[in-house]
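Listed here are the chains, written in short residue letters.
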Amino acid sequence: MSIAFSRVTSSFRPVDATPLPPVHWPSAFVGLFLAVLVVVSIAWLAAPRRVDRPLPAAVAPLPVVQVAPTPIPAPAVAAPEPAPVPEKVKVANTGGSNLNLRANAGERSQRLKSVPEGSLLEIVGADQTADGVVWRNVRDASGASGFVAAKFVVKTQ
């Protein structure tokens, strides 16, 4: 029994293949050397370098600037305004009877006291209108304050 092999192969290349040309080792080393030389040259040219340049002799030193603090002016003191002289009124036109001092403006408001005709009153607030009548906000000599009908007081000087 005979076995015929049409072609013998090895693990690297076919046996019947054409042989590879021989390597010219001196040329391979020269090529490798030139490639390394090119890479190192490019890296050297691309690397940053410090350039020492002498300073010109005519450069003068910068002057030192003194900073002075800005004075802050004292706040202006406003002159005190004179206290307004309270307006004084006198009970009149009641026909000799007393005038009612009420807690609030209005004829139905609580009566605090009766003020006799001729008594001096001091105006302490704004006038109000209630029940169709103007009411003055006053304080009497004893310190009681309230509202009186404006038609029963006259301005004094």
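See above for the structure.
Since the structure is predicted, the reported quantities are computational estimates derived from the model, not experimental observations.

Draft legend 1. Here's a closer look at the overall build of the protein. For the protein, the helix and strand inventory stands at one helix and eight strands. Listed by position from the N terminus, the elements making up the protein come as α-β-β-β-β-β-β-β-β. For the protein, the proportion of its 157 residues judged to be buried stands at 17%. Of the contacts made within the protein by residues no fewer than 6 positions apart, 50% connect residues no fewer than 24 positions apart. Within the structure as shown, the protein displays about 13,500 Å² of accessible surface, and the carbon and sulfur contribution to it stands at 63%.

Draft legend 2. Highlighting the layout of surface pockets. Computed from the structure, the largest pocket encloses a volume of approximately 160 Å³. Looking at the largest pocket, the residues that line it are Thr94, Asn98, Leu99, Asn100, Arg102, Glu107, Val133, Trp135, Ala149, Lys151 and Phe152. Contributing elements (two or more residues each) for the lining of the largest pocket: strand S2 (99–102) and strand S6 (133–139). With three residues, the single largest contributor to the lining of the largest pocket is S2. Here the residues of the lining of the largest pocket are counted per class, giving five nonpolar, three polar and three charged.

Draft legend 3. Structural view of the pattern of salt bridges. The full count for this structure, using the stated rule, is six salt bridges. Arg136 is the salt-bridge partner of Asp127, the closest N and O atoms lying 2.9 Å from each other. Through salt bridges that share partners, Glu87, Asp127 and Arg136 make up one connected network.

Draft legend 4. Local environment of the side chain of Asn137. Assignment of secondary structure puts Asn137 in strand S6. Owing to a relative accessible area of 18%, Asn137 belongs among the buried residues under this scheme. Once residues within four sequence positions are removed from consideration, Asn137 is found in contact with Glu122, Ile123, Val124, Gly125, Ala126, Asp127, Gly146 and Phe147.

Draft legend 5. Focus on the nonpolar core. Listed in full, the ten residues of the largest apolar core are Val89, Val91, Leu99, Leu101, Val115, Leu121, Ile123, Val138, Val148 and Val153. Elements with a contribution of two residues or more to this core: strand S1 (88–91), S2 and strand S4 (120–123). Filtering out sequence-adjacent residues up to four positions away, Leu121 remains in contact with Glu87, Lys88, Val89, Val91, Val115, Val138, Arg139, Asp140, Val148 and Val153. With six residues, the next largest nonpolar core counts Ala130, Val133, Trp135 and Ala149 among its residues.

The rules behind the values
Residues numbered from 1 in each chain as written. Predicted model: local features only at pLDDT ≥ 70, side-chain atom pairs only at ≥ 80, totals over all residues. Heavy atoms only, no water. Helix = DSSP H or I, 4+ residues; strand = E, 2+ residues; numbered from the N terminus. Buried < 20%, exposed > 50% of the residue type's maximum accessible area, 1.4 Å probe, protein only. Contact = heavy atoms within 4.5 Å. Areas by Shrake-Rupley, 256 points an atom, 1.4 Å probe, with all protein chains shown as cover. 1 Å grid on protein atoms, 1.4 Å probe; cavity = no way out; pocket = protein on both sides within 12 Å on 5 of 7 lines; lining within 4 Å. Points joined across faces, edges and corners; volume = space filled by probe spheres on them. Nonpolar A, V, L, I, M, F, W, Y, C, P; charged D, E, K, R; others polar. Salt bridge = Lys/Arg side-chain N within 4 Å of Asp/Glu carboxyl O. Core = buried A, V, L, I, M, F, W, Y, C linked by side-chain atoms within 4.5 Å.

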